[in-house]
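A closer look at the structure
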Amino acid sequence: MRPYYQDDHVTLYHGDALEILPTLPIADAIITDPPYGETSLDWDRWPEGWPAVAALVAPQMWCFGSMRMFLDKRGDLDGWKLAQDVVWEKHNGSNSANDRFRRLHELALHFYRGTWEPLFKAPQFTNDAVQKSVRRSKNRTAHWGDIGQSAYASEDGGPRLMGSVIFARSCHGYAVNETQKPEAIVAPLMQYSVPEGGLVIDCFAGSGTTLAVAKKTGRRAIGIEKRETQCRAIVERLAQGDLLSAND
Ligand SMILES: C[S@@+](CC[C@H](N)C(=O)[O-])C[C@H]1O[C@@H](n2cnc3c(N)ncnc32)[C@H](O)[C@@H]1O
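Residues numbered from 1 in each chain as written. Predicted model: local features only at pLDDT ≥ 70, side-chain atom pairs only at ≥ 80, totals over all residues. Heavy atoms only, no water.

A look at the site of the ligand
- Neighbouring the ligand are 22 residues; Thr 179, Ser 207, Thr 209, Glu 225 and Arg 227 lie closest to it.
- The separation between a nitrogen atom of the ligand and a polar main-chain atom of Ala 17 is 2.9 Å.
- A distance of 2.8 Å is found between an oxygen atom of the ligand and a side-chain nitrogen or oxygen belonging to Arg 227.
- About the coverage of the ligand: the protein hides 98% of its 610 Å² of free accessible area.
- Because more than half of its atoms lie within 2 Å of the grid, the ligand is assigned to the second largest pocket.
- Residue composition of the shell around the ligand, grouped by class: nine nonpolar, seven polar and six charged. (Near = heavy atom within 4 Å. Polar contact = N/O pair within 3.5 Å; in protein donor to acceptor, adjacent residues only side chain to side chain. Areas by Shrake-Rupley, 256 points an atom, 1.4 Å probe, with all protein chains shown as cover. 1 Å grid on protein atoms, 1.4 Å probe; cavity = no way out; pocket = protein on both sides within 12 Å on 5 of 7 lines; lining within 4 Å. Sits in = over half its atoms within 2 Å of the grid points. Nonpolar A, V, L, I, M, F, W, Y, C, P; charged D, E, K, R; others polar.)

Pasting the structure below:
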């Protein structure tokens, strides 16, 4: 199939993920944000069976969505093992019901297939350790076991493992996709799972956030998007090459 767009880093296909995924080369990881099947938007239909097709092209996958979506679709995720979950903390949220907590977060779940050890993974660090983080209880509870000290014990201001709750401002005001993800939440997931020069696939590319982050951080990306309006927006976005900010 002919790409809709191609440059040195990014290849974009306009079409259906279920048809195009099996034709792609093996990637280091999939990072994607599927249609959740939770709204009345005409594109918001979960393509039945897509996680099994995605498994043909990558051993690990970060998938955005809500707890409700993951529970509803857990049967479709059979064969993928859950490694960890990251919370995207937004600066504001959407209120679909006024009798519940205001929803200020989304989840990104990390799945893998096969064995964990050979997967590429580059733990991310932040330089914000404070004295508190080295305080250890003499009576540490048994379930801690022996985790090793070096990864989390650090001096003031030193590196420590990035936390699993990551704050990033939502894209209100500049989004071209209804559920656009900020680059600042996609970047650490990509840096964790895809080596520089490696290949990432986003089978539901939307406005092209995964593709833009790949290009800016020296990775290669293949995207698939069903709506041509979004494909056009991706091409424009990649041409602009706007800056990746920690809080965009
Ligand atoms: C949740 S949005 C992705 C938003 C994206 N993460 C961003 O930052 O812009 C999901 C996208 O999947 C696209 N889509 C829906 N069904 C598809 C399919 N079968 N194949 C490919 N793309 C599809 C929709 O058009 C929509 O743009």
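A look at the pattern of salt bridges
- Under the defined criterion, the tally for this structure stands at 10 salt bridges.
- A salt bridge links Asp 33 to Lys 181; the nearest nitrogen and oxygen atoms lie 3.0 Å apart. Taken together, the residues Asp 33 in the loop between strand 3 (29-32) and helix 2 (50-54) and Lys 181 in the loop between strand 9 (165-167) and helix 4 (183-193) connect sequence positions 148 residues apart. The two residues Asp 33 and Lys 181 agree in class, both being buried. (Salt bridge = Lys/Arg side-chain N within 4 Å of Asp/Glu carboxyl O. Helix = DSSP H or I, 4+ residues; strand = E, 2+ residues; numbered from the N terminus. Buried < 20%, exposed > 50% of the residue type's maximum accessible area, 1.4 Å probe, protein only.)

Some thoughts on the pairing of strand 3
- Side chains Ala 29 and Ile 31 project from strand 3 onto one buried face, and the interleaved Ile 30 and Thr 32 project onto a second face that is buried too.
- Bridge count for strand 3 against strand 10 (residues 199-202) is two bridges, and the pairing is parallel. The partner of Ile 30 across the bridge, within strand 10, is Ile 201.
- For strand 3 and strand 4 (residues 60-65), the ladder comprises three bridges, and the chain directions are parallel. Residue pairing for strand 4: Thr 32 is matched across the bridge by Cys 63. (Pairing = 2+ DSSP bridges.)

Remarks on the sheet that holds strand 10
- The nine strands are arranged 1-2-11-10-3-4-6-5-9 in an open sheet whose pairing can be described as mixed. Two strands lie at the open edges of the sheet, namely strand 1 (5-6) and strand 9, each paired on one side alone.
- In this sheet, strand 2 (residues 10-14) lies alongside strand 1 in antiparallel orientation, the contact comprising two bridges. In the sheet register, Gln 6 faces strand 2, and the bridge partner there is Thr 11.
- Each of strand 3, strand 4, strand 5 (81-94), strand 6 (103-112), strand 9 and strand 10 is contacted by helix 4, which is oriented at about 165° to strand 4, the strand it contacts most.
- Here helix 5 (residues 209-216) sits on the sheet and contacts strand 1, strand 2, strand 3, strand 10 and strand 11 (220-225); the angle it forms with strand 11, its principal contact strand, is near 165°. (Contact = heavy atoms within 4.5 Å. Axes fitted to C-alpha atoms, helices over the stretch in contact; angles between N-to-C directions.)

Overview of the packing of helix 4 against helix 5
- Their axes nearest at 9 Å, the elements helix 4 and helix 5 cross at an angle of 60°. It follows that helix 4 is oblique to helix 5 by the angle criterion. Considering only the axes of helix 4 and helix 5, their crossing is right-handed. The segment helix 4 lies against helix 5, with Glu 183, Val 186, Ala 187 and Met 190 engaging Thr 209, Thr 210, Ala 212, Val 213, Ala 214 and Lys 216.
- Residue classes in the contact of helix 4 with helix 5 are distributed as six nonpolar, two polar and two charged. (Parallel < 35°, antiparallel > 145°, perpendicular 65-115°, else oblique. Left-handed = near helix turned anticlockwise from the far one by under 90°.)

Section: the confidence of the model for the chain
- When pLDDT is averaged across the chain, the result is 90; 87% of the residues are at 70 or more.
- Looking over the chain, one finds the lowest element-wise mean pLDDT in strand 5, namely 92, and the highest in strand 10, namely 99.
- In this model residues 243-248 is a low-confidence stretch, pLDDT under 50, and it forms 19 contacts with partners more than four residues away in sequence or in other chains. (pLDDT = per-residue confidence, 0-100.)

Thoughts on the packing of aromatic side chains
- With the rule as written, the count across this model stands at five aromatic pairs.
- For the pair Phe 70 and Phe 111, a centre-to-centre distance of 6.2 Å together with 50° between the ring planes defines the contact as tilted. Residue Phe 70 is located in helix 3 (residues 67-72), and its partner Phe 111 is located in strand 6; the two are separated by 41 residues in the primary sequence.
- Residue Phe 70 is classed as buried on the basis of its relative accessible area, which comes to 7%.
- An aromatic cluster is present here, built from Trp 46, Trp 50 and Phe 204 joined pairwise through their rings.
- Positioned above the aromatic ring of Trp 88 is the side chain of Lys 90, whose terminal nitrogen or guanidinium carbon lies 4.9 Å from the ring centre.
- Taking NZ or CZ as reference, Lys 121 lies 4.7 Å from the ring centre of Trp 116, over its face. (Phe/Tyr/Trp six-rings, centres within 6.5 Å; stacked < 30°, edge-to-face > 60°. Lys NZ or Arg CZ within 6 Å of the ring centre and 35° of its normal.)

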